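This is what each chain is made of:
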Amino acid sequence: MDLRLTSTPATAAERAAVDGLLGPPPLADGRVASGGHRARARRQQLLPALQALQDRVGWVSPAGLAYVCERLTVPPAEAYGVASFYALLATGPRPATVVHVCDDIVCRVGGAGARCEALRTRVGPGLDEAAPAGNGPPADGARVPAAAGWVPSPCLGRCEQGSAALVQRATADGPALRSLGPAPLEAVLHVLAGGEPLAPAPAMSAPQAARSPRDPGLRLLRRVGLVDPASLDDYRAHGGLEPLRRAIALGPRGVLRELEASRLVGRGGAAFPTAAKWRAVAENPVQPHLVVGNADESEPGTFKDRVLLEADPFAVVEALTVMGVVCGARQGYCYIRGEYPEAEARLRHAVTVARQRGLLGPSLLGSAYAFDLEVRRGAGAYIAGEETALFRSIEGGRAEPRNKPPFPSDAGLFGHPTAVNNIETLLCVLEVLRIGGPAFAAIGTGESTGTRLFCVSGAVERPGVFEFAFGVTLGQVLAAAGGIRSGRRLRAVLLGGAAGSFVGPEALHVELTFEGVRTAGATLGSGVVLALDDTVDAVDCVRRIARFFRDESCGQCVPCRVGTVRQEEALARLAAARPLGSTAAELDRLRDLAESMRDASICGLGQTAAVAVQSALRMGLLPAASERPR
Amino acid sequence: MTARPLPIPPRLVTCSVDGAPVAVPQGSTLLDACRQAGIDTPTLCYLETLAPVNACRVCVVEVEGSRTLVPACSRPVEPGMAVRTDTERVRLSRRLVLELLASSVTLDRAAPELRRWIERYGADPGRFGPPLPPTHPRDAAAPGHHGAVLVDGAEACHQPVKDDNPNYVRDYARCILCYKCVEACGTEAQNTFAIAVAGRGFAARISTEYDVPLPDSACVYCGNCIEVCPTGALAFRGEHRMRGEGTWAEERQVVTTTICPYCGVGCNLELHVQDNAVVRVTSPLGHEVTRGNLCVKGRFGFQFVQNRPGEG
Ligand SMILES: Cc1cc2nc3c(=O)[nH]c(=O)nc-3n(C[C@H](O)[C@H](O)[C@H](O)COP(=O)(O)O)c2cc1C
Ligand code: SF4
Ligand code: SF4
Ligand code: SF4
Ligand code: FES
Ligand code: FES
């Protein structure tokens, strides 16, 4: 492969950004080949290098991209394919400040739709929105300098605070991404007018932990709000590092026995037994092994992993280290979504401190085990949370999932045997080590052991992350969150996120266990419990979900790439009472789409893209569709 | 003389296809098994000479015990697998894939099998409404966002024809995103990497970096992407012109197999001749050395045999 690059030179700022990551360029020496294996090893720096450009100059310019390609020996067409995949990277010039304004399902309950409408009239359309025909210049009032713009965003994972927003600002120093939250219209306008983003108010993200006295039943949340997230000593004073010590004493086989006894299953959505996953990697004769923490948390309505990462980052480092010890991996990665800059900073700090103090490195706590951890930042793609897509993203590619088999335990990151887990799952492992497998299994119900984090949001009095032993009912969870806001009536609950299902008030008695929700025709998914009261526009909510799947589809496979578009169109027609043919014909189409997406898509995104829509239809949440004979 | 060990005969694995036992060499795919059983299986993104990307999903079959359907083109046969190729579920998904594609891209120049499959599965592309006119330039679409959803038809993949070089034309309004051209240009054949998939979701498209014209890209005009394109999205410039003028007549074409006169490799050429002029050059896919691939000389260097005044 010969690189053919644009002859326009990169600017000094662009070079500085890339060199800051990759080091100064080597002296040109025509006699030394830089392709082949060495080039392939550099490929994984592609996404960080593109992010460095974005952070520094506000977009990935052709010359900047060419410089990255030259440094990494990557063909520019491929690098452009990667850059144009991620929503937090721009491949065209952009204002230096861009506010990503959440208009997803939870924030909508709090009026995010109106917030975006107000921005449209006062500031002009969002950056990537096609300007509606006949739109004039922005109305007077808040005049926004061309140096700033806004763009509607999918869920930013700050749903419990409501009115979330994320500021992306090109800068030579300091963080390029900062969370705003809660950010009412005025706060967004303030940033758009050139003001400094106000730091988010300290959030009461876990109401059980904020209460005094603290809820004694807290296990995964036990340190949240109590421990200084920047202090390893404080972490240790609150029981940290005991699990790792115990893991080293037990050895991999011993830990696997405890995990088997605990019957812990993954909390990332698929409910796969953790012990089986780790054993498959630990016993795989192919070396090296790798472990990955999945902190991409982008399922709309989910924010539990963010709370753990922000409040207890050393626990995440410790849990991944245990995972490395058990799976026989000396290297681990934690992939954290780009929309979580504060959590990322805390995790990076924890990794640095852990390395300084010998908790990561060649000899863990003085033992013969070695492990190190690298933090990788996502760039705005829900699909990158799918495990095989996540690998490709780390490897420097487009986050396109692949067919399984082969499973990650055989061919994962860089083709090596890899174990990947959700952050909540990892914290459960620490709890298993703390109290022992059988004790963990004694919590909860027969099939669902341990505790679970629920992301309760929407029309409740006290939204936040709640921890309960499995067996709690939906009604109890809502009651813990203060019940439905100011005496309104519950209309529906979205269980499990955009990939989950709507259930009605008759499901309040349902136990939120894997088996309990299954009988109710739903899933727990990522633990989302989004309450909609009788003031919420349910049709709008369903359509936003359909839009989400369309926008987040990677575009590889036909059922999902085109099916999500056709689904959104059919819902738009139903909402406008302008069915194509008849309402029955629309419902037929939607059912066919649902079936083929579920059956023929490559990955879980397409396979679940119609689940919430179909459950809404069954519940009669779409009035236009309910007067049909069925 | 060095003794050469005989190759170990491949072990056979037995599965069942629509109830009948089929034994295939280990490592074969379900598609191989279906073909061996004489079952015509639609494929769009699969090609013998490329690594399967299993993206189009038109080849899905039902495998007993599997939650979802599985792509036949890439799934290796395991002993005892029970495969069904003509169940309600299979027919529905195949029909939907064809309907979805046909509702979003122009398929009138696609391989004839495609039309046959559309008929066989009763696909009705019009059921999603008439294709809507373009609303935004696809080549500039930002990931994660799209314009207003219109209620009077089906959004379609419009892109202006890219006619930017002397050799071939890219008409991506006909592209089904099968990834074959990207594979052929990349690791599977040419190793040039001039094109890749850009954007995501419905706005995903085949593109050079920043959509620069081909002459500014790494393209070396081997034309191997044209060879593998199943939809006519990539076409010789002359063919594109003749189709536009209505003079393209495949039934009047003669294919002459010959050997490329330029270099010592001696690639096989198939010259497609209409009205005494070469209109397209292909190379046999089954050739064990070249596997359908050529270089710019063999693919496009045919002007000298028909140099006629007034033609470029
Ligand atoms: C579209 C899609 C998005 C996903 N996003 C996430 C995510 O953000 N975080 C996560 O932990 N798992 C996510 N998953 C699930 C992962 O693929 C994987 O199953 C999980 O990380 C395994 O961890 P667990 O066994 O601890 O649940 C996603 C799956 C799909 C299909
Ligand atoms: S189902 Fe959707 S997101 Fe998943 S691989 Fe297919 S197109 Fe991509
Ligand atoms: S002609 Fe050859 S080099 Fe050019 S895009 Fe096609 S495959 Fe790549
Ligand atoms: S241009 Fe042709 S070969 Fe390339 S992806 Fe599109 S349809 Fe496939
Ligand atoms: S942050 Fe807005 S919906 Fe989650
Ligand atoms: S031919 Fe199998 S998925 Fe396309």
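Residues numbered from 1 in each chain as written. Chains lettered and ligands numbered in written order. Predicted model: local features only at pLDDT ≥ 70, side-chain atom pairs only at ≥ 80, totals over all residues. Heavy atoms only, no water.

### Re the overall build of chain B
Inference 1: The number of helices and strands found in chain B is 7 helices and 12 strands.
Inference 2: A globule of 312 residues ought to have a C-alpha radius of gyration of about 20 Å, and chain B, at 22 Å, matches this closely.
Inference 3: By principal-axis analysis of the C-alpha atoms, chain B measures approximately 75 × 65 × 35 Å.
Inference 4: The 312 residues of chain B split such that 55% are buried.
Inference 5: When contacts within chain B are restricted to residue pairs at least 6 apart in sequence, those whose partners lie at least 24 apart make up 56%.
Inference 6: For chain B, the computed accessible surface area is about 14,100 Å², with 55% contributed by carbon and sulfur atoms.
Inference 7: Across chain B, the mean location of the 32 positive side-chain charges is 3 Å away from that of the 34 negative side-chain charges. (Helix = DSSP H or I, 4+ residues; strand = E, 2+ residues; numbered from the N terminus. Rg over C-alpha atoms; globule rule 2.2 N^0.38 Å. Buried < 20%, exposed > 50% of the residue type's maximum accessible area, 1.4 Å probe, protein only. Contact = heavy atoms within 4.5 Å. Areas by Shrake-Rupley, 256 points an atom, 1.4 Å probe, with all protein chains shown as cover. Lys, Arg positive; Asp, Glu negative; His and termini not counted. Charge placed at Lys NZ, Arg CZ, Asp CG, Glu CD.)

### Quick look at the pairing of strand E2 (residues 148–153) of chain A
Residues and elements named next belong to chain A.
Inference 1: Within E2, 6 of the 6 residues are buried, which leaves it mostly tucked inside the rest of the structure.
Inference 2: Because side chains alternate across E2, one face comprises the buried residues Ala148, Trp150 and Pro152, and the other comprises Gly149, Val151 and Ser153, equally buried.
Inference 3: Where strand E1 (residues 97–102) lies against E2, 6 bridges are found, and the strand directions are parallel. Across the sheet, residue Cys102 finds its bridge partner in E2, namely Ser153. (Pairing = 2+ DSSP bridges.)

### Side note on empty space enclosed by the protein
Residue and element names in this part refer to chain A.
Inference 1: With the rule as written, the count across this model stands at 11 cavities of 30 Å³ or more.
Inference 2: Its volume calculated, the largest cavity comes out at about 150 Å³.
Inference 3: Looking at the largest cavity, it is lined by 19 residues, and the ones nearest its centre are Ala87, Ser153, Pro154, Glu339 and Gly380.
Inference 4: Of all the secondary structure elements, the ones that give two or more residues to the lining of the largest cavity are E2 and helix H21 (538–552).
Inference 5: Among the elements that make up the lining of the largest cavity, the one with the highest residue count is E2 (3 residues).
Inference 6: In terms of residue class, the lining of the largest cavity is built from 10 nonpolar, 5 polar and 4 charged.
Inference 7: Taken as a whole, the second largest cavity encloses approximately 110 Å³ of empty space.
Inference 8: The residue inventory of the lining of the second largest cavity, partitioned by class, reads 11 nonpolar, 2 polar and 3 charged. (1 Å grid on protein atoms, 1.4 Å probe; cavity = no way out; pocket = protein on both sides within 12 Å on 5 of 7 lines; lining within 4 Å. Points joined across faces, edges and corners; volume = space filled by probe spheres on them. Nonpolar A, V, L, I, M, F, W, Y, C, P; charged D, E, K, R; others polar.)

### Looking at the environment of Gly124(A)
Inference 1: Its place among the elements puts Gly124(A) in the loop between helix H7 (112–122) and E2.
Inference 2: Residue classification places Gly124(A) among the buried residues on the basis of a relative accessible area of 7%.

### Some remarks on the interface of chain A and chain B
Inference 1: Contacts between the two partners involve 61 residues from chain A, matched on the other side by 61 residues from chain B.
Inference 2: Of the roughly 5,200 Å² buried at the junction of chain A and chain B (both faces included), carbon and sulfur atoms supply 55%.
Inference 3: Interface area lost by chain A to chain B is led by Tyr80(A), Arg566(A) and Asp599(A), which between them contribute 13%.
Inference 4: Here Arg95(B) and Asp592(A) are joined by a salt bridge, their closest N and O atoms 3.5 Å apart. (Buried area = accessible area lost by both parts, 1.4 Å probe. Salt bridge = Lys/Arg side-chain N within 4 Å of Asp/Glu carboxyl O.)

### Describing the confidence of the model for chain B
Inference 1: Confidence in the prediction of chain B, expressed as mean pLDDT, is 93, and 97% of residues score 70 or more.
Inference 2: Among the scores for the predicted complex, ipTM is 0.95 and pTM is 0.95. (pLDDT = per-residue confidence, 0-100.)

### Describing the sheet that holds strand E3 (residues 60–63) of chain B
Residue and element names in this part refer to chain B.
Inference 1: Here we have 5 strands laid out as an open sheet, ordered E2-E1-E5-E3-E4, and mixed in their pairing. Only two strands of the sheet have a single neighbouring strand rather than two, namely strand E2 (20–25) and strand E4 (70–71).
Inference 2: Packed on one face of the sheet, helix H2 (residues 88–104) meets E3 and strand E5 (82–84) and runs near 160° to E3. (Axes fitted to C-alpha atoms, helices over the stretch in contact; angles between N-to-C directions.)

### Here we look at helix H3 (residues 112–120) of chain B
All names here are of chain B.
Inference 1: Among the residues of H3, Leu114, Trp117 and Ile118 are the ones counted as buried. The buried residues of H3 occupy an angular sector of 105° when projected down its axis, which confines them to one face. H3 presents Pro112 and Glu119 as exposed residues on the side facing more than 90 degrees away from its buried surface.
Inference 2: Against the buried residues of H3 lie H2.
Inference 3: Count one or two residues on from H3 and you reach Gly122, which has phi positive near 60°. (Arc of directions from axis to C-beta.)

### Brief notes about the site of ligand 3
Inference 1: Tyr168(B), Cys185(B), Thr192(B), Cys219(B), Val220(B), Tyr221(B), Cys222(B), Gly223(B) and Cys225(B) make up every residue found near ligand 3.
Inference 2: Taken together, the residues of the shell around ligand 3 sort by class into 7 nonpolar, 2 polar and no charged. (Near = heavy atom within 4 Å.)

### Description of the pattern of salt bridges
Inference 1: Applying the stated criterion across every chain yields a total of 70 salt bridges over all chains.
Inference 2: Across the pair Arg91(B) and Asp86(B) runs a salt bridge, and its minimum N-O distance is 3.1 Å.
Inference 3: In this structure, Asp211(B) and Lys162(B) form a salt bridge, with 2.9 Å as the shortest nitrogen-oxygen distance. One end of the pair, Asp211(B), is in the loop between strand E8 (205–207) and helix H5 (224–228); the other, Lys162(B), is in the loop between H3 and strand E6 (168–170), with 49 residues separating them in the sequence.
Inference 4: Using a relative accessible area of 25% as the deciding quantity, one classes Asp211(B) as partly exposed.
Inference 5: Classification of Lys162(B) by relative accessible area gives buried; the value is 10%.
Inference 6: Salt bridges sharing common partners tie together Asp103(A), Asp104(A), Arg108(A), Asp540(A), Arg544(A) and Arg547(A).

### A short note on the sheet that holds strand E8 (residues 418–422) of chain A
All names here are of chain A.
Inference 1: As summarised here, the arrangement of the 4 strands in space is E7-E6-E5-E8, forming an open sheet in which the pairing is parallel. Edge strands, defined here as strands with exactly one partner in the open sheet, are strand E7 (372–377) and E8. Geometrically, the sheet is characterised by an average inter-axis angle of 20° between neighbouring strands, direction not taken into account.
Inference 2: For strand E5 (residues 289–295) and strand E6 (residues 329–336), the ladder comprises 7 bridges, and the chain directions are parallel. Directly across from Ala295, in E6, lies its bridge partner Ile336.

### Comments concerning the nonpolar core
All names here are of chain A.
Inference 1: Counting 213 residues, the largest nonpolar core has Tyr86, Trp278 and Phe502 as the members making the most contacts within it.
Inference 2: Counting residues per element, this core draws most heavily on helix H14 (residues 313–327), at 11 residues.
Inference 3: In this view, Phe502 contacts Ala492, Val493, Leu494, Leu532, Cys541, Val542, Ile545, Ala612, Ser615, Ala616, Met619 and Leu621; residues no more than four positions away in its chain are not counted.
Inference 4: By size, the runner-up hydrophobic cluster in this structure holds 27 residues, among which are Val460, Ala507, Phe514 and Val517. (Core = buried A, V, L, I, M, F, W, Y, C linked by side-chain atoms within 4.5 Å.)

### So, the packing of aromatic side chains
Inference 1: Per the counting criterion, the structure on display carries 14 aromatic pairs over all chains.
Inference 2: When the centroid spacing of 6.4 Å and the interplanar angle of 10° are considered together, the rings of Tyr168(B) and Phe300(B) count as stacked. With Tyr168(B) in strand E6 and Phe300(B) in helix H7 (residues 296–300), this residue pair connects regions lying 132 residues apart in the sequence. Comparing Tyr168(B) with Phe300(B), the two get one shared label, buried.
Inference 3: Between Tyr262(B) and Phe304(B) the ring centres are 6.1 Å apart and the planes differ by 80°, which places this aromatic pair in the edge-to-face class. With Tyr262(B) in the loop between strand E10 (254–259) and strand E11 (268–274) and Phe304(B) in the segment after H7, this pair connects stretches of sequence that are 42 residues apart.
Inference 4: Each residue in the set Tyr168(B), Tyr221(B), Phe236(B), Phe300(B) and Phe302(B) is aromatic and connected to the rest through ring pairs, giving one cluster.
Inference 5: The aromatic ring of Phe202(B) is capped on one face by Arg138(B), whose charged end is 5.5 Å from the ring centroid.
Inference 6: The residue whose ring lies beneath Arg200(B) is Phe85(A), and the NZ or CZ to ring-centre distance is 5.7 Å. (Phe/Tyr/Trp six-rings, centres within 6.5 Å; stacked < 30°, edge-to-face > 60°. Lys NZ or Arg CZ within 6 Å of the ring centre and 35° of its normal.)

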